[in-house]
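In case you want the letters, here they are:
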Amino acid sequence: MAAEDLRPRTREGLAPILAGLVSTDTVAQRLAARALGRQERSDLITDIAPILRADAASVRAEAANALGQAASHGGVAEVRRLLEDRLGLEADHMVRGVLYRTLGRLPIEDGRPDRPPLQADALAVRDRTERLLVQGSRGPGADAPSATLEGVTHGLASLYRRSASRMPPGVVALERLVELTAPTQPPLVRRLAMAAFVASGRTDSGALLDALRDSEWGVRRLAVAAAGAQAELPGRERILARALADSAPQVRLEALRSYGRRLLVRDGCLPVARALDDPDAQVQLMAIDLLGNCGPDVANTLASIAREPATEQDWHRPAHAVVALAKVAPAQARGLLLSHSLSSLPSPFFRSYLAEAAGIASDTALLVRLARDRHANVRTAAVNGLRRAIGHGADSLYLAALDSRDYQLVMTAAEALDSTPDPTKAVPALQKALTRIVKEGDETSVDARKALAKTLATLGVQADTALGSRLSTLHFPSWTELDRYGRTRATFVMAGGARFTVRLFPFDAPTNVARFVRMARRGWFNGLTFHRVVPNFVVQGGSPGANEYVGDGPFTRDELGLRSNLRGTVGLSTRGRDTGDGQVYLNLVDNIRLDHDYTVWGEVIAGLEVVDALLEGAVIERIILEEAP
């Protein structure tokens, strides 16, 4: 495990891992297979392949997944052959599921993946993979066991995400997916089968109406998402009408989203207006946002909501309303913005929304004022608004923002200065900011450094964005520490007293679990927020700057594996490979498209309803770490 964390490039560095592959200890073999896969190197395929024949099923499963990771940058045809050959021999249901899941996510080799249509050889691969997965869903005289079906449906969803827009799914496969959403199937199989349906883009109203009767709201939500995804779908109105009255707020929210996408312009805003009184806060906010597409007739309604009192914690309705109002009635929004006393708005989140509204309504005076706000995120929103409204007319404010310690604000200011007509002032300021940030030596500044260098390049100046020396590797936990972390429960106590508890996966993600525990122990998260809340997707938090670009350094490495981003799992937020900075995300729904790109290091075991109710800016009061017996 320690050797894997170093990401060795030589055979000498790989020696401990290669020794683990031939160990008589099953755990060592599993960890070695996973470690090789995490290198994502096609030259290691020949090392991983032999343990597809290992005695232990758990080792064979890790080997299959590792081969999929090793094929990330080449060797896809060889890995596909190895996996298909193993399917002909494999008897274990769980391993067969991993084999199917891995086959479904392999890249389809057709040159540029974004070039339609698929070439003849890729069409053949795509067709063969689909047929293998459908065949794998059937056992002798019945459905395959659930462990295999989970892999099959997961694989079909991945396959269709990659190829459905360029090659329609087969009729037999779609009919099989309908069967796999039947109430007799296990809940996860039904959800994954419906996810594949959504990815296929080929659902029909009858199947979706049947899915709306499913006891799992996750299945119903995906059926509604499918209804909104397809450009042409007879009977869409009936599906969405039923979904808007669903008992689950996640389904109602998805119905609103789909209505706004497909029916609002044609059928009007009455269903959206009705949702303003929904008992769920996220549904209300979605309705307010959609009213921004409904024209001036809703201006007074939005203005009334925008005037509602706002506090540090309760500001969301008026904030969303003022942005929507700016879209439908800019003049009315400008008048309302003038009436707001910014000193009485303690939440920087609210002031950021005001900056967004000011940008839409072309309220330049307010944008200039907010560009000097005490909070970097408000200044960032104001700079974005000024860039759109008056461009380089606000260069002096962009130059001032380069002195900020907030990397997101520096990045935004650098982008706003791109192609400035006054490089004599901009170049020295950009160079000064870049020199300062490189000297600080924080790996998490990578995006700001790139933005500064890019703007300098447009102004004719080449700059080096690399840090002088790479920061030291983080402490790797001992086996004893990992065992203790495996018994540790982390309870997030939110402002107001609500709480939820997370179980850790230290043997799947040792460096990232160890880092989280160290950060929690020293109170890093105390007072920080969940700054990003995307309903029916994720909540994300743990940034001192309450944004994507300010975290704890140095970076940790990705620890990708068989853990899937299912509802309730906790993952590592990153901005590219190996860029973990201590920020966390929690999956509100099954997000299998995140698999094999984002590390899963825990899962919520109590209080998931608290996670569902989190709103943007929710404050983490503290995290309590307790060891279970």
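Predicted model only: the values in this text are computed from it and were never measured. (Residues numbered from 1 in each chain as written. Predicted model: local features only at pLDDT ≥ 70, side-chain atom pairs only at ≥ 80, totals over all residues. Heavy atoms only, no water.)

(A) Representation of the sheet that holds strand β3 (residues 488–494). Spatially, β5-β11-β3-β4-β10-β8-β9-β7-β6 is the arrangement adopted by the nine strands of the open sheet, whose pairing is antiparallel. The two strands at the open ends of the sheet, each matched to only one other strand, are β5 (529–530) and β6 (532–534). Direction of pairing for strand β8 (residues 569–572) relative to strand β9 (residues 584–587): antiparallel, over a ladder of three bridges. By the bridge assignment, G571 is partnered in β9 with Y585. Seen against the sheet, helix α29 (residues 479–486) touches β3, β4 (499–504) and β11 (618–627) and runs at an angle of roughly 50° to β3. Contacting β3, β4, β8, β10 (600–606) and β11, helix α30 (residues 510–521) runs over the sheet at an angle of about 110° to β11. (Pairing = 2+ DSSP bridges. Helix = DSSP H or I, 4+ residues; strand = E, 2+ residues; numbered from the N terminus. Contact = heavy atoms within 4.5 Å. Axes fitted to C-alpha atoms, helices over the stretch in contact; angles between N-to-C directions.)

(B) Structural view of the state of the cysteines. Under the criterion given, the structure shown has one disulfide. A disulfide bridge connects C269 with C294, and the sulfur atoms are separated by 1.9 Å. The disulfide joining C269 to C294 has a torsion of about -105° about its S-S bond and is therefore left-handed. Residue C269 is found in the loop between α16 (264–267) and α17 (270–274), and its partner C294 is found in the loop between α18 (281–291) and α19 (299–306); the two are separated by 25 residues along the sequence. Comparing C269 with C294 shows no difference in burial state: the two are buried. (Disulfide = S-S within 2.5 Å. Buried < 20%, exposed > 50% of the residue type's maximum accessible area, 1.4 Å probe, protein only.)

(C) Broad picture of the environment of E4. Considering the arrangement of structural elements, one finds E4 in helix α1 (residues 2–5). Along the sequence, E4 and A32 sit 28 residues apart, while their C-alpha atoms lie 8.3 Å from each other. For E4, the residues in contact, after removing those within four places along its chain, are I17, A35, R38, Q39 and E559.

(D) The side chain of R60, seen in detail. Tracing the backbone shows R60 in helix α5 (residues 57–70). Overall, R60 belongs to the buried group, its relative accessible area being 9%.

(E) Spotlight on the packing of helix α20 (residues 316–328) against helix α21 (residues 330–339). Taken N-terminus to C-terminus, the directions of α20 and α21 make an angle of 140°; their axes are 6 Å apart at the nearest point. Taken together, α20 and α21 sit at an angle that is classed as oblique. Counting all contacts with α20, which are made through V322, L325, A326 and V328, the residues of α21 involved are P330, Q332, A333, L336 and L337. Within the contact of α20 with α21, the residues separate by chemical class into eight nonpolar, one polar and no charged. (Parallel < 35°, antiparallel > 145°, perpendicular 65-115°, else oblique. Nonpolar A, V, L, I, M, F, W, Y, C, P; charged D, E, K, R; others polar.)

(F) Highlighting the pattern of salt bridges. Inspection of the entire model under this criterion finds 46 salt bridges. R405 serves as the salt-bridge partner of E440, at 2.2 Å between the closest nitrogen and oxygen. In this pair, E440 sits in helix α27 (residues 423–440) while R405 sits in the loop between α25 (395–401) and α26 (407–416), placing the two residues 35 residues apart along the sequence. Looking at R405, the relative accessible area reads 60%, which means it is exposed. In this structure, D552 engages R515 in a salt bridge whose closest nitrogen and oxygen atoms are separated by 3.0 Å. (Salt bridge = Lys/Arg side-chain N within 4 Å of Asp/Glu carboxyl O.)

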